[in-house]
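Summary of the model geometry
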Amino acid sequence: MLASITELFAEPRVLLTLLKVVCVFAVVMPMVAYSVVAERRISAWIQDRIGPNRVGIPFTNIKLLGLGQPLADGLKALVKEDFTPAHVRKVFYWMAPAVAMVPSFVVLAVLPFGSMLGAQKMVIADLDVGILFTFGIVSLGVYGVVLAGYASNSKYPFLGGIRSTAQMISYEIAMGLAVVPVFMLAADPAWQAELIDKSTAWSNYLNDTGLLNLSSVVAYQHESILDWLMFKQPIAFAIFLIAIFAETNRLPFDLPESETELVAGYNTEYSSMRFALFFMGEYAAMIAGSALMVVLFCGGWTLPLGDFFNTPAHQSLGKGLVHIGVFIAKIAMFLGLMIWIRWMLPRFRYDQLMNIGWKRFLPLSLANIILTAIVLWVLHS
Amino acid sequence: MKVNRTELTWWERLYLPTLLNGFKVTLRHFFSWKRSRVYGDKQKSYSAKTTMQYPEEKWDVPTGYRGAPYLVKDVDGNTKCVSCQLCEFVCPPRAIHITPPGDRGVVDREGSEKMPKEFEIDMLRCIYCGYCQEVCPEEAIYLLKDYAITGESREELIYDKEKLLELGGADKRAYDHHVQDGVEEGIKKWETKTREAGEQPGFH
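Criteria and cut-off values
- Residues numbered from 1 in each chain as written.
- Chains lettered and ligands numbered in written order.
- Predicted model: local features only at pLDDT ≥ 70, side-chain atom pairs only at ≥ 80, totals over all residues.
- Helix = DSSP H or I, 4+ residues; strand = E, 2+ residues; numbered from the N terminus.
- Buried ≥ 20, exposed ≤ 12 C-beta atoms within 10 Å, placed from the backbone.
- Contact = placed C-beta atoms within 7 Å.
- Rg over C-alpha atoms; globule rule 2.2 N^0.38 Å.
- Expected span 1.5 Å × (residues − 1).
- Pairing = 2+ DSSP bridges.
- Axes fitted to C-alpha atoms, helices over the stretch in contact; angles between N-to-C directions.
- Parallel < 35°, antiparallel > 145°, perpendicular 65-115°, else oblique.
- Left-handed = near helix turned anticlockwise from the far one by under 90°.
- Nonpolar A, V, L, I, M, F, W, Y, C, P; charged D, E, K, R; others polar.
- Domains from an automatic or database assignment.
- pLDDT = per-residue confidence, 0-100.

The subject of this paragraph is the overall build of chain B. Scanning chain B from N- to C-terminus turns up seven helices and seven strands. When its helices and strands are written in sequence order, chain B yields α-α-β-β-β-α-β-β-α-β-β-α-α-α. Taken over 204 residues, chain B has a buried fraction of 20%. Contacts spanning at least 24 positions in sequence make up 63% of the contacts within chain B whose residues lie at least 6 apart.

Printed below as a string of structure tokens:
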């Protein structure tokens, strides 16, 4: 048993995957921390305040525009009393923060966050069912919220949990259907075969990938900015964007939390590091959602600025790193948008949220599928 | 009551105009880098940040503000307090503690009959109510403008006579503080009080 495990870890493929996991984690965690800082600073600026600008390097007077804030926040969360109320259902209460946080990170496993570094494709798990896996995992994120609401065993978290369930059901469907036209366009063997014939870099990158693989969606969008599915499928993009807001419980759809009515919603009974886990889970979900949007609608790691940016790196470390940088920059832009929207729009009422989900987005996304199908049929016949 | 609901046009119901307006408003506030003078000139400009960077920038304390109570000296630099202990008796949280001089009074100058041997104010207890200032017949204790009283131990925050006198300073400071009461030549509380009482209807 032990021997087989050591053998497994000695295999370079496994080691490299582990290395990638560690690297992605090491990049995403600071991103989570700094998106919290960004949230606080941007909200402050929008509200004519200054925001946290004091904490810099510990034990010095260097303030660094408040960039040391995550350290202070993290330390505070760790040192605070971890209080478990007497009336909670303990096992679920302990489980919920982890359940809320883990799926956001798991989603990142199948997202192609770069082209190639050396001979390694920059995706942790190159799944051919990438998008299906993503949807499966993204919807798991809601269970953390629901579980927290149930386990807390008091009224406000319970209401938050219920709202989260309803919200998940109404938006998941629209979100899933919005992505269908994307794959109607991208999952077409003809262009992929053509691309693989044309360039060795692409054939190397798309080596044996299925059509539902997310890296093939990226490849589909590499040519020009007009190939970005954001412009080819604007309705799908709009629905997906809004659904991501609802999925990640961000304003204007943060009904599970809605401070004004439900105290703090599902995390009312949580304190210290457990609350921080929910908080980190929310931001990690934002990052995962943004990454998903970048991959599906904004060309992934490509930029339509010539060969350097839109062909996969081939034995060039610098190029591979630049592609990862482009991907992160695109994510940052979506994060900025999400943060901005939060401080701009008021929260929707519960019935309005349901109305939009079921009566607007669902028919609209279905119509979009049919429209895309008709257009494709006309073009191909 | 009947609330009239406005019929929205299809364009408005698309939510897009609201979104664009939202961006307009938030962008205007986001890019307003000017510092507000709201704490100085009391003017809030819509293109300015209102935050006061506290320890570096200090709030402009208004006249008549009830800060920490200190003992003041007269214009010649003498202690005005005569150890009557009225403030000690009136103090609601019992923050003031006066040690009277006893029968052989501590007097350090001509013309003074009595002064406190020790005068302590526990700043942790003080509630800044101003009764001590109100009750003092000698105008010796005043609530000045200090509002951030900090220390590292409880003992440190019990201010003794020397410290209170030093912080209170000469009479001038209290005088400046109360100029708005219409007192012109130094502080003569009895005059002010008589005048105020005379201004009330039905006083004889």
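Helices and strands together make up the secondary structure of chain A, namely 16 helices and two strands. For 381 residues, the compact-globule formula gives about 21 Å, and the C-alpha radius of gyration of chain A, at 22 Å, lands near that figure. Along the first, second and third principal axes, the C-alpha set of chain A runs to 65 × 55 × 50 Å. For chain A, buried positions account for 43% of its 381 residues. If you take every contact in chain A between residues at least 6 apart in sequence, the share linking residues at least 24 apart comes to 75%.

Another aspect to go through is helix α11 (residues 234–247) of chain A. Residues and elements named next belong to chain A. Its 14 residues place the ends of α11 19 Å apart at the C-alpha level, agreeing with the 20 Å of an ideal helix rising 1.5 Å per residue. The element α11 is largely enclosed, with a buried count of 11 among its 14 residues. The set of residues buried in α11 consists of Ala 236, Phe 237, Ile 239, Phe 240, Leu 241, Ile 242, Ala 243, Ile 244, Phe 245, Ala 246 and Glu 247. Considering only its buried residues, α11 is in contact with α5 (130–152), α6 (155–186), α10 (229–232), α13 (272–297), α15 (317–342) and α16 (350–380). At the exit of α11 stands Asn 249, carrying a positive phi of roughly 55°.

All right, on to the sheet that holds strand β5 (residues 118–122) of chain B then. Residue and element names in this part refer to chain B. With antiparallel pairing, three strands are arranged side by side in an open sheet as β4-β5-β7. Where the open sheet ends on each side, the last strands, each with one partner, are β4 (96–99) and β7 (158–159). Bridging between β5 and β7 involves two bridges; their strand directions are antiparallel. From the neighbouring strand, Asp 122 faces β7, where its bridge partner is Ile 158. The strands touched by helix α5 (residues 161–168) are β5 and β7; relative to β5, the strand with the most contacts, the crossing angle is about 75°.

This next bit is on the packing of helix α4 (residues 90–107) of chain A against α13 of chain A. Packed helix pairs are specified by the crossing angle of their axes together with the interaxial distance, meaning the distance between the axes. All names here are of chain A. Their axes nearest at 8 Å, the elements α4 and α13 cross at an angle of 25°. Classed by the angle they form, the pair α4 and α13 counts as roughly parallel. Seen along the crossing, α4 lies across α13 with a hand that is left-handed. Between α4, through Pro 97, Ala 98, Ala 100, Met 101, Ser 104, Phe 105 and Val 107, and α13, the contact on the second element is made entirely by Arg 274, Leu 277, Phe 278, Met 280, Gly 281, Ala 284, Ala 285, Ala 288 and Leu 292. Counted by class, the contact of α4 with α13 contains 13 nonpolar, two polar and one charged residues.

Once that is clear, we can look at the domain arrangement of chain A. Residue and element names in this part refer to chain A. By the assigned domains, chain A splits into domain 1 (1–79) and domain 2 (85–380). The gap between the C-alpha centroids of domain 1 and domain 2 is 21 Å. Elements with a contribution of two residues or more to the side of domain 1 that touches domain 2: α2 (12–46) and α3 (69–79). Of the residues forming the side of domain 1 that touches domain 2, the biggest block, 15 residues, is contributed by α2. Classifying every residue of the side of domain 1 that touches domain 2 gives 12 nonpolar, three polar and two charged.

Another aspect to go through is the interface of chain B and chain A. With 10 residues of chain B at the interface, the matching set in chain A holds 10 residues. Looking at the side of chain B that touches chain A, the elements with two or more residues in it are α2 (16–30) and β2 (48–49) of chain B. Of all the elements, α2 of chain B adds the most residues to the side of chain B that touches chain A, at five residues. Residues of the side of chain B that touches chain A, tallied by class, amount to three nonpolar, six polar and one charged.

On to unusual backbone geometry, then. For residues other than glycine, phi is negative in most cases, and the peptide bonds are mostly trans. With a phi close to 50°, Ser 272 of chain A is a non-glycine residue in the positive phi region. Along the polypeptide, Ser 272 of chain A turns up in helix α13.

Residue and element names in this part refer to chain A. For α13, spanning 26 residues, the distance from its first C-alpha to its last is 37 Å, which sits close to the expected 38 Å at 1.5 Å a residue. Most of α13 is tucked away: 23 of the 26 residues are buried. Just beyond α13, the residue with positive phi is Gly 299, at close to 75°.

Time to look at the confidence of the model for chain B. Here chain B averages 77 in pLDDT, and 75% of its residues register 70 or above. Residue range residues 182–186 of chain B is modelled with pLDDT below 50. Its contacts to residues more than four positions away, or to other chains, number five contacts.

A few words now on the environment of Leu 379 of chain A. All names here are of chain A. Position of Leu 379 among the secondary structure elements: in helix α16. Using a count of 7 C-beta atoms within 10 Å as the deciding quantity, one classes Leu 379 as exposed. Put simply, Leu 379 and Tyr 156 are 223 residues apart on the chain and 53 Å apart in space, counted from C-alpha to C-alpha.

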